[in-house]
Amino acid sequence: MGSGVTSKLRRNFLARRRSRAHRAPPGSAPDTLLAPAEATSTSARLMQFDAAGCDESNPDDEGVIAALRSPQRTQWIDIQGFANTQLIDELGKAAGMHPLAVADLVHTHQRPKVDIYENYLVVVMRMPQREGKSRSEQVTLVVRNNCLISFQERAGDCFDPVRERLRSGLGRIRTAGADYLAYTLIDALIDSFFPVLEAYGEQTEMIEERVLNSSAPAQIKDIHLLKRDLLELRHAVWPLRELVASLLRDDTPVIKKSTRVYLRDCADHAFQLLDILEVYREIASGLVDLHLSSVSNRMNEAMKVLTIIATIFIPMTFIAGVYGMNFDRASAFNMPELGWRYGYVFALGLMAAAATGIVLLLRRKGWLGSRRE
């Protein structure tokens, strides 16, 4: 178990080092578009919808650019994978994005935030991942009046319920515009943290039970891994409060007043996430003290047993040492028991009586067994 934990720590450390190594070199232009080291192939999904229906397709690069430049209906362009930086650059230019905002799309080490521009918003968030080398991946939403463009590091997300709502036409998602679609995506992403936190809660309870039952050295590594994962989640969840607060401001472009009412619900969910996360972090921090206390208590019990054994044998050793000196019996002051017929039996009885007396004394003091009041 310990070697597996150590290997996991090493893999995560190497993954973080590789991610830092593939950032733009110091001194590079701030709008440098550099794909991450582990970028996957880029794919696009286009959903165009209105009150009449929803059309879904997987266009090529030219089709995505053409749809963005001449929108017929409200559309959602979902880009997954950052290997094709040329397509991302052309999409940014077609959407009228600032070069710095385009470069930020592929910089996957950013803190969740909202960048407000004149005609569009750029919302950067972290989406939880239970598998892989990272506990979260970056998701960026570019919100315009009639278009939303989402950028994800890899395929697979938590937005399938939103897609189903678009296909079925449930609710007001087809008629409320791109800002409402952005709200539904933000809400789905925030809600996706709850199952992850629930899994970490179960893991915390399991570690706590193991700590109470035993004090294996490998458990402290599991506790530190848990604390590190919770800290990484905190970095993804904590900025969500400020992010949603920025979207709730009256001067935020693109976001309609009717949509801000729904964003308040996102703010409530973000606060709930933070409360749950802080509780688990406090429990994880307390597990370290619990583990050390358990180890200390078990050590004290072992020392207590050894002390009792030593205390019982001290008088016996003393008696055996006295009678083992073998003084000559020529003197009247030397031990008469050495020549006595029952001297050996007397010595053994004296040892047994001394040991029994020590045991009774320890029991009376409450060190051995339970003392009766």
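Calculation criteria
Residues numbered from 1 in each chain as written. Predicted model: local features only at pLDDT ≥ 70, side-chain atom pairs only at ≥ 80, totals over all residues. Heavy atoms only, no water. Helix = DSSP H or I, 4+ residues; strand = E, 2+ residues; numbered from the N terminus. Buried < 20%, exposed > 50% of the residue type's maximum accessible area, 1.4 Å probe, protein only. Contact = heavy atoms within 4.5 Å. Areas by Shrake-Rupley, 256 points an atom, 1.4 Å probe, with all protein chains shown as cover. Patch = residues over 30% accessible without salt bridge, like charges linked within 9 Å, V, L, I, M, F, W, Y side chains within 5 Å. Salt bridge = Lys/Arg side-chain N within 4 Å of Asp/Glu carboxyl O. Lys, Arg positive; Asp, Glu negative; His and termini not counted. Charge placed at Lys NZ, Arg CZ, Asp CG, Glu CD. Arc of directions from axis to C-beta. Pairing = 2+ DSSP bridges. Phe/Tyr/Trp six-rings, centres within 6.5 Å; stacked < 30°, edge-to-face > 60°. Axes fitted to C-alpha atoms, helices over the stretch in contact; angles between N-to-C directions. Parallel < 35°, antiparallel > 145°, perpendicular 65-115°, else oblique. Left-handed = near helix turned anticlockwise from the far one by under 90°. Nonpolar A, V, L, I, M, F, W, Y, C, P; charged D, E, K, R; others polar. Expected span 1.5 Å × (residues − 1). Bend = angle between axes of the 7 residues up to and from the residue. Core = buried A, V, L, I, M, F, W, Y, C linked by side-chain atoms within 4.5 Å. pLDDT = per-residue confidence, 0-100.

### Some remarks on the overall build of the chain
If you tally the helices and strands in the chain, you get 11 helices and seven strands. The buried share of the chain, taken over its 373 residues, is 39%. Taking contacts inside the chain between residues at least 6 apart in sequence as the whole, the part at least 24 apart equals 66%. When the accessible surface of the chain is summed, it comes to about 20,500 Å², and 55% of that surface belongs to carbon and sulfur atoms.

### With respect to the side chain of Thr-74
As for its position among the elements, Thr-74 is in strand β3 (residues 74-80). The residues touching Thr-74, leaving out its near neighbours within four places in the chain, are Met-47, Gln-48, Phe-49, Asn-146, Gly-177 and Ala-178.

### Remarks on a negative patch on the surface
On the surface, a cluster of negative charge is made up of Glu-198, Glu-202, Glu-205, Glu-208 and Glu-209. Mapped onto the elements, Glu-209 comes out in helix α7 (residues 193-213).

### A word on helix α5 (residues 160-168)
Listed as buried for α5 are Val-162, Arg-163 and Leu-166. All buried residues of α5 project into a common sector of 100° when viewed along the axis, lining one side. Of the surrounding secondary structure, the elements contacted by the buried residues of α5 are β1 (43-50), β2 (53-57), β3, β7 (147-152) and α6 (178-191). Of the residues one or two after α5, Gly-169 is the one with positive phi, at around 75°.

### Here's the deal with the pairing of strand β4 (residues 113-116)
Pairing of β4 with strand β5 (residues 121-128) involves four bridges; the strand directions are antiparallel. Each bridged residue has a counterpart across the sheet, and for Lys-113 the counterpart in β5 is Val-124. What sits between the antiparallel neighbours β4 and β5 is a turn of four residues.

### Considerations on the packing of aromatic side chains
Across all of its chains, the model carries five aromatic pairs by this definition. Pairing Tyr-180 with Tyr-183 gives two aromatic rings, centres 5.4 Å apart and planes at 55°, and the pair type is tilted. On the criterion of helical spacing, the pair formed by Tyr-180 and Tyr-183 is a turn pair, its members being three residues apart in helix α6. With respect to class, Tyr-180 is no different from Tyr-183; both count as buried. Between Tyr-180 and Tyr-262, the aromatic rings sit 5.2 Å apart at their centres with planes inclined by 90°, giving edge-to-face as the arrangement. Placement of the pair is Tyr-180 in helix α6 and Tyr-262 in helix α10 (residues 257-323), with a sequence separation of 82 residues.

### What to know about the packing of α7 against helix α8 (residues 218-237)
With their axes 11 Å apart at the nearest point, α7 and α8 run at an angle of 160° to one another. Judged by the angle between their axes, α7 and α8 are roughly antiparallel. Between α7 and α8 lies a crossing of left-handed hand. Here α7 contributes Phe-193, Val-196, Leu-197, Tyr-200, Gln-203, Thr-204, Ile-207, Arg-210 and Val-211 to the contact with α8, which in turn contributes Gln-219, Asp-222, Ile-223, Leu-226, Asp-229, Leu-230, Leu-233, Ala-236 and Val-237. Of the residues belonging to the contact of α7 with α8, the class tally is 12 nonpolar, three polar and three charged.

### Here's the deal with α10
Between its first and last C-alpha, α10 extends 100 Å over 67 residues, near the 99 Å set by a 1.5 Å rise per residue. A bend of about 30° at Phe-313 is the largest found in α10, and the proline Pro-315 appears one to four places after it.

### Comments concerning the sheet that holds β5
Taken together, the seven strands give an open sheet; going across it, the order is β2-β1-β3-β7-β6-β5-β4, and neighbouring strands pair in mixed fashion. In the strand order of this sheet, the two ends are held by β2 and β4, each with one partner. Taking each pair of neighbouring strands and ignoring which way they run, the sheet shows an average axis angle of 15°. Pairing between β5 and strand β6 (residues 136-143): eight bridges, direction antiparallel. Of the residues in β6, the one forming a bridge with Val-122 is Val-142.

### With respect to the pattern of salt bridges
The full count for this structure, using the stated rule, is 19 salt bridges. Between Arg-73 and Asp-55 there is a salt bridge; the shortest N-O distance is 2.3 Å. In this pair, Arg-73 sits in the loop between α2 (61-69) and β3 while Asp-55 sits in strand β2, placing the two residues 18 residues apart along the sequence. When its relative accessible area of 44% is taken as the criterion, Asp-55 is described as partly exposed.

### Brief notes about the nonpolar core
In terms of nonpolar packing, the biggest core is built from 56 residues, with Trp-76, Leu-141, Leu-181 and Leu-247 touching the most fellow members. The element best represented in this core is α10, accounting for 11 residues.

### Here's the deal with the confidence of the model for the chain
Averaged over every residue, the pLDDT of the chain is 80; the share at 70 or more is 84%. Confidence drops under a pLDDT of 50 for residues 1-6, and excluding neighbours within four residues, the segment shows eight contacts in the predicted structure. A low-confidence stretch, residues 13-21 (pLDDT under 50), is modelled with four contacts involving residues beyond four sequence positions or located in other chains.

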